[in-house]
Amino acid sequence: ELRAENVPDNLIPHKTFTGNRPSTSILLPELNAYTTGQILALYEAMVAVKGFVWGINSFDQWGVELGKVLASKCRSKMNSARTQKRLIEASDGFNFSTTRLLNRYLKGKTFLQYPEPKDVFPCDIIDSENCIPPDVE
């Protein structure tokens, strides 16, 4: 596809994603200031540590641009599935694990498991007056 778009050969490695790499996905019942802060802190730490461990530039602009392209394709397939009231299928072009994750999201759009945000970190890690230990609930 890239060659058909006349992308120079030296840029092709930067615009392709081989897949089958570890990733982290988080599904939240609600996106608010609290959960957004948790996500940002988690991903910032993960990205930096993975870069140090694997010896790669975690903030590579080519990877950011490729991520935007992949996310756009994913969003378009998700929108199509939602408007047609169907789940993601193998024919949509995602691998097995991505298909399961997207379908879990689509199913969860009709049912909120946690209507109120919950602490996800142990209270001894986040010293907060609002931290509710799991065994108290």
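One can find the structure itself at the top, above this paragraph.
All of the points below concern the structure found in this document.

About the thresholds
Residues numbered from 1 in each chain as written. Predicted model: local features only at pLDDT ≥ 70, side-chain atom pairs only at ≥ 80, totals over all residues. Heavy atoms only, no water. Helix = DSSP H or I, 4+ residues; strand = E, 2+ residues; numbered from the N terminus. Buried < 20%, exposed > 50% of the residue type's maximum accessible area, 1.4 Å probe, protein only. Contact = heavy atoms within 4.5 Å. Axes fitted to C-alpha atoms, helices over the stretch in contact; angles between N-to-C directions. Parallel < 35°, antiparallel > 145°, perpendicular 65-115°, else oblique. Left-handed = near helix turned anticlockwise from the far one by under 90°. Nonpolar A, V, L, I, M, F, W, Y, C, P; charged D, E, K, R; others polar. Core = buried A, V, L, I, M, F, W, Y, C linked by side-chain atoms within 4.5 Å. Expected span 1.5 Å × (residues − 1). Arc of directions from axis to C-beta. Polar contact = N/O pair within 3.5 Å; in protein donor to acceptor, adjacent residues only side chain to side chain. Patch = residues over 30% accessible without salt bridge, like charges linked within 9 Å, V, L, I, M, F, W, Y side chains within 5 Å. Areas by Shrake-Rupley, 256 points an atom, 1.4 Å probe, with all protein chains shown as cover. Salt bridge = Lys/Arg side-chain N within 4 Å of Asp/Glu carboxyl O.

Structural notes on the overall build of the protein
Within the protein, the secondary structure is distributed over 3 helices and 0 strands. When the helices and strands of the protein are placed in sequence order, the string is α-α-α. Relative to its full complement of 137 residues, the protein shows a buried share of 14%. Taking all contacts inside the protein whose residues are at least 6 apart in sequence as the whole, residues at least 24 apart take part in 40%.

Brief notes about the packing of helix H2 (residues 61-83) against helix H3 (residues 96-108)
In contact at an axis separation of 11 Å, H2 and H3 are set at 45° when each is read in the N-to-C sense. One way to sum up the angle between H2 and H3 is to call them oblique. As H2 packs across H3, the resulting crossing turns out to be right-handed. Where H2 approaches H3, its residues Cys 74, Met 78, Ala 81 and Arg 82 are matched on the opposing element by Leu 102, Tyr 105 and Leu 106. Here the contact of H2 with H3 is composed, by residue class, of 6 nonpolar, no polar and 1 charged.

Points about the nonpolar core
Judged by nonpolar contacts, Met 78, Ala 81, Ile 88, Phe 94, Leu 102 and Leu 106 together constitute the single largest core of 6 residues. Residue assignment for this core shows that the elements contributing at least two residues are H2 and H3. Look past the residues within four positions of Phe 94 in its chain and what remains in contact with it is Cys 74, Lys 77, Ile 88, Thr 99 and Leu 102.

A short note on unusual backbone geometry
The residue Asn 6 is not glycine, and still its phi comes out positive at about 60°. Considering the arrangement of structural elements, one finds Asn 6 in the segment before helix H1 (33-54). Phi angles above zero are rare outside glycine, and Lys 85 is one such case at about 50°. Its location among the elements puts Lys 85 in the loop between H2 and H3. For Lys 85, a relative accessible area of 76% corresponds to the exposed category.

Concerning H3
Helix length check: H3, at 13 residues, gives a terminal C-alpha distance of 18 Å against a target of 18 Å (1.5 Å per residue), a fit within 8%. By the burial criterion, the buried members of H3 are Thr 99, Leu 102, Asn 103 and Leu 106. Projected down its long axis, H3 carries its buried residues within an arc of 100°, all on one side. Exposed and oriented more than 90 degrees from the buried face of H3 are Ser 97, Arg 100 and Arg 104. Buried-residue contacts for H3 involve H2. Sitting at the amino-terminal end of H3 is Asn 95, which places a side-chain oxygen 3.3 Å from the backbone nitrogen of Ser 97.

Here's the deal with a nonpolar patch on the surface
On the surface, Val 49, Phe 52, Val 53, Trp 54 and Ile 56 cluster together into a nonpolar patch covering about 600 Å² of accessible area. Assignment of secondary structure puts Val 53 in helix H1. Taking relative accessible area as the criterion, Val 53 reaches 62% and is therefore assigned exposed.

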